[in-house]
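Here is what each chain is made of, one letter per residue.
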Amino acid sequence: MTTYGLLIFDGAEELDFVGPWEVFTASSMLRDQADTAFLVAERPDPVRCNKGMRVLPDHTLGDCPPLDVLLVPGGQGTRREVGNAALTRWIGAKAAETDWVTSVCTGSLLLHEAGPARGRRVATHHGFEDELQARGDITVVRDARYVVDGDLVTSQGVSAGIDMALWLVGRLHGRDHARAVRRYIQYEPAPPYLADEPLPD
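Residues numbered from 1 in each chain as written. Predicted model: local features only at pLDDT ≥ 70, side-chain atom pairs only at ≥ 80, totals over all residues. Heavy atoms only, no water.

Peer 1: I'd like to hear about the sheet that holds strand 10 (residues 146-149), residue by residue, with values.
Peer 2: Taken in spatial order, the seven strands line up as 5-2-1-6-7-11-10 in an open sheet, and their pairing is mixed. The open sheet has two edge strands, strand 5 (59-60) and strand 10, and neither has a second partner. Here strand 7 (residues 100-104) pairs with strand 11 (residues 152-155) via four bridges, running parallel. Each bridged residue has a counterpart across the sheet, and for Val101 the counterpart in strand 11 is Leu152. The strands that helix 1 (residues 14-30) touches are strand 1 (3-7), strand 2 (36-41), strand 6 (69-72) and strand 7; relative to strand 2, the one it contacts most, it runs at about 160°. (Pairing = 2+ DSSP bridges. Helix = DSSP H or I, 4+ residues; strand = E, 2+ residues; numbered from the N terminus. Contact = heavy atoms within 4.5 Å. Axes fitted to C-alpha atoms, helices over the stretch in contact; angles between N-to-C directions.)

As structure tokens, this is what we get:
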């Protein structure tokens, strides 16, 4: 059994956690509901995400069960939460107890502040790479959808979290399983976009 805890906070980018949520829960479904995924927030109140989606956490920081995987999303809210000592302390403590620590987009900022990304190689949103690198004690990899550094797996922005999550379920449960998950969610991102192609005569 794998337990996934996905952190949320006001201003979190929706797809940063919803994309991996789909991968993790589809993986569990294909494993006869063997795994558990839940949302964690500082308080039990509804969380309003970056684009306005409102979601309810399953657990708070204080009652979060043990995790195998911690996921930290990005979004505009990270700029505020990086100064939230209670949250960053929790991330640091929880990361020390989990098998895998992951982030999407600017979630890497919170992992840097909390400690798990210090001295590590990470990916983040392309618009945030210079700012994160300037914080020091971190190596930002600029040309990879996701980066694996030991037990830390970080990804670029938004949709890149799906790639990271698929890699992780493949690492946990095998490549054939990850391929089955990808097929189930019909994630076939090549070619990525054809709407700007000229129409045939």
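Peer 1: How would you explain the environment of Ile8 if you had to name every residue and give the values?
Peer 2: Note on placement: Ile8 falls in the loop between strand 1 and helix 1. Given the relative accessible area of 1%, Ile8 is considered buried. Residues Ile8 and Gly77, spaced 69 residues apart in sequence, show a C-alpha to C-alpha distance of 9.6 Å. Sequence-distant contacts of Ile8, that is, excluding residues within four places in its chain, are made with Phe17, Leu39, Val40, Ala41, Val47, Val55 and Pro57. (Buried < 20%, exposed > 50% of the residue type's maximum accessible area, 1.4 Å probe, protein only.)

Peer 1: Lay out the environment of Pro44 in plain terms, naming residues and giving numbers.
Peer 2: Its location among the elements puts Pro44 in the loop between strand 2 and strand 3 (47-48). Considered as a pair, Pro44 and Met29 are 15 residues apart in the sequence and their alpha carbons are 26 Å apart. Excluding residues within four positions of it along the chain, Pro44 makes contact with Leu56, Pro57 and Thr60.

Peer 1: Tell me about the confidence of the model for the protein, and please be specific about residues and values.
Peer 2: Keep in mind that low pLDDT regions are not for reading the predicted coordinates in detail. Here the protein shows a mean pLDDT of 95. Residues at 70 or above account for 95%. Confidence, expressed as mean pLDDT per element, reaches its minimum in the protein at helix 7 (residues 175-184) with 96 and its maximum at strand 6 with 99. (pLDDT = per-residue confidence, 0-100.)

Peer 1: Talk me through the packing of aromatic side chains; I want residue IDs and the actual numbers.
Peer 2: Tallying each qualifying case throughout the model produces three aromatic pairs. An angle of 10° between the planes, with centres 4.0 Å apart, marks the rings of Tyr4 and Phe24 as stacked. A residue pair is termed long-range when its members are at least 10 positions apart, and Tyr4 in strand 1 and Phe24 in helix 1 qualify at 20 residues. Among the residues examined, Tyr4 registers a relative accessible area of 1% and is labelled buried. Judged by its relative accessible area of 1%, Phe24 is buried. (Phe/Tyr/Trp six-rings, centres within 6.5 Å; stacked < 30°, edge-to-face > 60°.)

Peer 1: Please set out the pattern of salt bridges residue by residue, giving values where relevant.
Peer 2: Scanning all chains against the criterion turns up 13 salt bridges. Between Arg120 and Asp151 there is a salt bridge whose closest N-O contact spans 3.0 Å. Residue Arg120 is located in the loop between helix 4 (107-114) and strand 8 (121-122), and its partner Asp151 is located in the loop between strand 10 and strand 11; the two are separated by 31 residues in the primary sequence. Between Asp130 and Arg142 there is a salt bridge, with the nearest N and O atoms lying 2.8 Å from each other. Taken as a pair, Asp130 in helix 5 (residues 129-134) and Arg142 in the loop between strand 9 (139-140) and strand 10 lie far apart in primary sequence, twelve residues in all. The class of Arg142 is partly exposed, set by a relative accessible area of 41%. (Salt bridge = Lys/Arg side-chain N within 4 Å of Asp/Glu carboxyl O.)

Peer 1: Pulling in residues and values, what's your account of helix 7?
Peer 2: Taken together, the buried positions of helix 7 are His177, Ala178 and Val181. Buried residues of helix 7, seen end-on, are gathered within an arc of 100° and therefore sit on one face of the element. Looking at helix 7, the residues exposed on the side facing more than 90 degrees away from the buried face are Arg175, Asp176 and Arg183. Those residues of helix 7 that are buried lie in contact with helix 1 and helix 6 (160-173). Residue Gln186 follows helix 7 closely and has a positive phi angle near 50°. (Arc of directions from axis to C-beta.)

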